[in-house]
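Below, each chain spelled out in residue letters.
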Amino acid sequence: RHCRAPQSHASPPPSTRRMKRAMSESRETTPRAAPLKAPAQQTEEALASLRQHWQSEPLAEALNTLDATELGPEGQRWSRAVGLHFPTPASAIRGVQPLAGNEYADGLRAPSAAVAMPSMSSALLVAPAPPCGHGVFAMRPLQAGQRLGEYTGEARRYDLWCEEIKARKVARRGAESSASPFILEELYAAWAGIGGGEGVVIDAFAKGNAMRFINCSCQPNCSFKNVGAGFEKHGRLLVVTSRDIEAFEQLSVDYGWYFDPATLAEVRAEATKAYNEDLSHLQALSKSRASVSASSSVRILQDVLQEVPGPTEFLRRYVDRAQLTRLVESKKSFSQAKSYLEIPEALWHFYEVLGADRVGISCRCALDKSLNATGLCSGIIGRPLQATHLGREKQ
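Since the model is a prediction, treat every value here as computed from it, not as a measurement.

Focus on the sheet that holds strand β2 (residues 103-104)
An order of β2-β6-β8-β7 is seen for the four strands of this open sheet, with the pairing classed as mixed. With one partner strand each, in any of the chains shown, β2 and β7 (189-193) form the two edges of the open sheet. In this structure, β7 lies alongside strand β8 (residues 200-203), joined through four bridges in antiparallel fashion. Following the sheet pairing, Gly-193 is matched in β8 by Val-200. Against the sheet, helix α5 (residues 158-173) makes contact with β6 (154-157), β7 and β8, and its axis sits at roughly 95 degrees relative to β6, the strand it touches most.

This is the structure we're talking about:
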């Protein structure tokens, strides 16, 4: 699930409107292990229906890679332990310990639940979901405000968790390792409140349930609701539908990384760095063929200018050809940028998304219609869509 990133750690998740509990949902207080109701054959039938629905999409091809061994005893045991109706593909859960409820570390105590936590919805199915790895799909229609289950994992103090992540980066990259790019281990932690110290995250990288596979979208259909008593500083995370969801849609949440100040600063720094690295080739940018030594980003810009046909690359989505053409034809010189604000207007969004890609929080939800049917994507996890964003902040 390489598209997935955690909720912004700088502040609690955005408040959500009060949602009615669906009449059909379970009122059990905790998710509990139950006998698996769906054998592999029933799961194969569900996957066949999913494949048929998305037959012209990359998702259908990915589903063809599943075989009988993927839905065998290993996936059945894992699903049974977390209360999931369908067996989970073995490739999705290797090295992941199943947790029906959170484990608490770093001296943290389990919060009380002011609202009863429901059992895992029987409508959910974990399946391959390119380009994000695996995702969670609704196998029948879901109502807005429906409580689907808890996001489980290991509850950690954010400051201690960050120290461990940094140590892993240093071990892999050397003493001068920076925070970017993110590593896989830090892309499964969701914000659960301020708690003690600098906050609490639920880390589902090595331990969790089916909710750990929910991917990010610029058009999310679910949200996290922090559940706990009012006097407590951290709670448990409940996944709630934010609109009606049709059968075979993939569940999604906006994880909000772009609004974490430290991450935003890194994105902008990487954007500026990438632009300056390309500067000599940008100065020679024209409708002629790009230099063989040009970066892949400059080659994309050159292809846009020349209207080279072919599949739309991820970054190519963030170039306005008319605006770029006017810039090139104006004969204005490209100069060194001291900050992202000095990147030319025709290029700043392109380089901002490239910066996010370097950091590890680029959003590719528009490449998967099960995740984002509109095809409109900001390119950065948590960044507002262009339709609602006025441009570069001047602060």
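Focus on the state of the cysteines
Tallied over the entire structure, the rule returns zero disulfides. With no disulfide partner, Cys-216 has as its closest neighbouring cysteine sulfur the one in Cys-363, 4.6 Å distant. The class of Cys-216 is buried, set by a relative accessible area of 2%.

Points about the pairing of strand β12 (residues 236-241)
Counting buried positions over the six residues of β12 gives six, a clear majority of the element. By the bridge criterion, four bridges tie strand β5 (residues 147-151) to β12 in an arrangement that is antiparallel. Its bridge partner lying in β12, Gly-149 is registered against Val-239. Alignment of strand β11 (residues 222-227) against β12, held across six bridges, turns out to be antiparallel. Within the sheet, the bridge partner assigned to Ser-223 lies in β12 and is Val-240.

Remarks on the packing of helix α8 (residues 296-306) against helix α9 (residues 321-329)
Put simply, α8 and α9 touch, their axes get as near as 9 Å, and they point 95 degrees apart. Here α9 runs roughly perpendicular to α8, going by the angle between their axes. From α8, Leu-301, Val-304 and Leu-305 reach across to α9, where they touch Arg-321, Leu-324, Thr-325 and Val-328. Of the residues in the contact of α8 with α9, the class split is five nonpolar, one polar and one charged.

Considerations on the pattern of salt bridges
With the rule as written, the count across this model stands at 16 salt bridges. With a closest N to O distance of 2.8 Å, Lys-169 and Glu-186 form a salt bridge. Taken together, the positions of Lys-169 in helix α5 and Glu-186 in the loop between α5 and β7 put the pair 17 residues apart, joining distant regions of the chain. Of the two residues, Lys-169 and Glu-186, both sit in the buried class. The salt bridge partner of Asp-357 is Arg-364, with a shortest N-O separation of 3.2 Å. In this structure Asp-357 comes out as partly exposed when scored by relative accessible area, which is 29%. What makes Arg-364 partly exposed here is its relative accessible area of 22%. Three or more residues are tied together by salt bridges with common partners; here these are Asp-106, Arg-156 and Glu-164.

A closer look at α9
Among the residues of α9, Leu-324, Thr-325, Leu-327 and Val-328 are the ones counted as buried. Angularly, the buried residues of α9 cover 160 degrees about the axis, an arc narrow enough to put them on a single face. α9 presents Arg-326 and Glu-329 as exposed residues on the side facing more than 90 degrees away from its buried surface. The elements touched by buried residues of α9 are α8. Directly beyond the C-terminal end of α9, a positive phi value near 65 degrees is found at Lys-331.

Calculation criteria
Residues numbered from 1 in each chain as written. Predicted model: local features only at pLDDT ≥ 70, side-chain atom pairs only at ≥ 80, totals over all residues. Heavy atoms only, no water. Pairing = 2+ DSSP bridges. Helix = DSSP H or I, 4+ residues; strand = E, 2+ residues; numbered from the N terminus. Contact = heavy atoms within 4.5 Å. Axes fitted to C-alpha atoms, helices over the stretch in contact; angles between N-to-C directions. Disulfide = S-S within 2.5 Å. Buried < 20%, exposed > 50% of the residue type's maximum accessible area, 1.4 Å probe, protein only. Parallel < 35°, antiparallel > 145°, perpendicular 65-115°, else oblique. Nonpolar A, V, L, I, M, F, W, Y, C, P; charged D, E, K, R; others polar. Salt bridge = Lys/Arg side-chain N within 4 Å of Asp/Glu carboxyl O. Arc of directions from axis to C-beta.

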